[in-house]
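Close look at the chain arrangement
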Amino acid sequence: MEDFFQVGIITATHGLQGEVKVYPTTDDAKRFKHLKDVILAQSEGGQFSGENGITLEIENVKFFKKFVILKFKGLDRIEDVEKYRRYSLFVTRSNAVRLRKDEYFVADLIGLTILDEDGMEIGILKDVLETGANDVYVITLKEGKELLLPAIKQCILEVDVAAGFIRVHILEGLL
């Protein structure tokens with residue numbers, strides 16, 4: 001399971017007072033209002049191991065269109081923050097949003113083994129697509145093909161992150 005979750009990517013500086021424009025990678029950008037600090041790090045594909053990160057205290061949060069404007073304590077000039085363009089912002093698992101029943105972090109689901117109703121392995125969860133109605137699981141089948149499976153109660157029978165599997169029912173016509 002992941003220990004750190006990406007919540008945003010710094011896209012540019014904003015003004016001259018050390019603010020940065022952040023593209024949120026969390027499903028609710030408003031959560032930045034409740035964060036006290038974030039971990040700044042360069043990352044590959046949104047992954048962070050906990051090494052070479054810098055913890056920054058959030059001093060101010062504003063919202064502008066689809067972006068979050070952040071001001072970090074102690075970084076008061078544009079020169080202090082311009083080097084962090086394209087850096088990612090992470091939170092620890094303990095600072096992540098609280099999940100409700102039957103909710104999971106996408107980072108914890110990726111790579112889980114997909115089992116059919118009889119417990120036979122059929123593939124691996126490769127990605128989760130967020131759509132308007134429901135999420136869609138992108139499953140790489142053992143034969144190499146891809147299956148798009150809606151993440152609805154009729155299809156997702158059991159999720160056991162600790163044991164490393166998701167048991168599914170594949171609706172007729174999806175294969």
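To be clear, the structure that these remarks concern was listed above.
These lines cover the structure that appears in this document, whether it is placed above or below. Here the residue numbering is sequential within each chain, running from 1 through the sequence in written order. Local features in this predicted model are restricted to residues of pLDDT 70 or higher, and side-chain atom pairs are both shown and tallied only at a pLDDT of 80 or more, whereas totals for entire chains, interfaces and linings draw on every residue. Water and hydrogen atoms play no part in the side-chain values, which are based on all heavy atoms of the structure.

Moving on: the overall build of the chain. Of the regular secondary structure elements, the chain holds 2 helices and 12 strands. The numbering of helices and of strands both runs from the N terminus, where a helix is a DSSP run of H or I of at least 4 residues and a strand a run of E of at least 2. Counted from the first residue to the last, the chain has its helices and strands arranged as β-β-β-β-β-α-β-α-β-β-β-β-β-β. Overall, the C-alpha framework of the chain stretches about 60 × 30 × 30 Å when taken along its three principal axes. Burial status across the chain gives 36% buried among its 175 residues. What makes two residues a contact is simply this: any of their non-hydrogen atoms within 4.5 Å. Of all intrachain contacts in the chain linking residues separated by at least 6 positions in sequence, the fraction that spans at least 24 positions is 49%. Only the protein chains shown count as covering a residue, and every accessible area follows the Shrake-Rupley method with a 1.4 Å probe. Summed over its atoms, the accessible surface of the chain is roughly 10,700 Å², and 48% of this surface lies on carbon and sulfur atoms. Charge counting treats Lys and Arg as positive and Asp and Glu as negative, with His and both chain ends excluded. Positions of charges follow a simple convention, taking NZ of Lys, CZ of Arg, CG of Asp or CD of Glu. The centroid of the 23 positive side-chain charges in the chain is displaced by 8 Å from the centroid of its 29 negative side-chain charges. Partly exposed describes any residue whose relative accessible area lies between the buried limit of under 20% and the exposed limit of over 50%, with all areas from a 1.4 Å probe on protein chains only and scaled to the type maximum.

Another point: the pattern of salt bridges. Oppositely charged side chains may form a pair once their charged atoms are brought near each other. Each salt bridge in this description consists of a side-chain nitrogen of Lys or Arg and a carboxyl oxygen of Asp or Glu lying within 4 Å of one another. By the definition in use, this model includes 12 salt bridges. Between Asp76 and Lys71 there is a salt bridge, with the nearest N and O atoms lying 2.6 Å from each other. The exposure class assigned to Asp76 is partly exposed, which follows from its relative accessible area of 40%. For Lys71, a relative accessible area of 7% corresponds to the buried category. The partner of Lys126 in a salt bridge is Glu146, and the shortest N-O contact between them spans 2.7 Å. With Lys126 in strand E8 (residues 121-130) and Glu146 in strand E10 (residues 146-150), this residue pair connects regions lying 20 residues apart in the sequence. For Lys126, a relative accessible area of 46% gives the class partly exposed. Each of the salt bridges in this network shares a partner with another, and the network as a whole consists of Glu59, Lys71 and Asp76.

It is worth spelling out the sheet that holds strand E3 (residues 37-41) at this point. Strands are treated as partners if at least two bridges between them are detected by DSSP. Taken in spatial order, the 6 strands of this closed barrel run E1-E2-E5-E4-E3-E6, and their pairing is antiparallel. Direction aside, neighbouring strands of the sheet carry axes that sit 50 degrees apart on average. Bridge count for E3 against strand E4 (residues 54-64) is 4 bridges, and the pairing is antiparallel. Each bridged residue has a counterpart across the sheet, and for Val38 the counterpart in E4 is Leu56. To obtain an axis, a line is fitted to C-alpha atoms, over the contacting stretch when the element is a helix, and the angle between two such axes runs from 0 to 180 degrees between their N-to-C directions.

Looking now at the packing of aromatic side chains. Any pair of Phe, Tyr and Trp rings, taking the six-membered ring for Trp, is counted once the centres come within 6.5 Å. Such a pair is stacked with planes under 30 degrees apart, edge-to-face with planes over 60 apart, and tilted for the rest. One pass over the full model with this rule turns up 3 aromatic pairs. Their ring planes at 75 degrees and their centres at 5.2 Å tell us that Tyr84 and Tyr87 sit as a pair that is edge-to-face. With a relative accessible area of 18%, Tyr87 lands in the buried category. Working rule: Lys NZ or Arg CZ, within 6 Å of ring centre, within 35 degrees of ring normal, means a charge sits over the ring. In this structure, Lys21 is placed above the aromatic ring of Phe67, and the distance from its NZ or CZ to the ring centre is 5.1 Å. A cation over a ring is seen here: Lys30 above Phe63, with NZ or CZ 4.2 Å from the ring centre.

Most of strand E5 (residues 67-72) sits out of view: 6 of its 6 residues are buried. Side-chain alternation along E5 places Phe67, Ile69 and Lys71 on one buried face and Val68, Leu70 and Phe72 on a second face that is also buried. In terms of strand pairing, strand E2 (residues 19-24) meets E5 through 4 bridges, oriented antiparallel. For Glu19, the partnering residue across the bridge sits in E5 and is Lys71.

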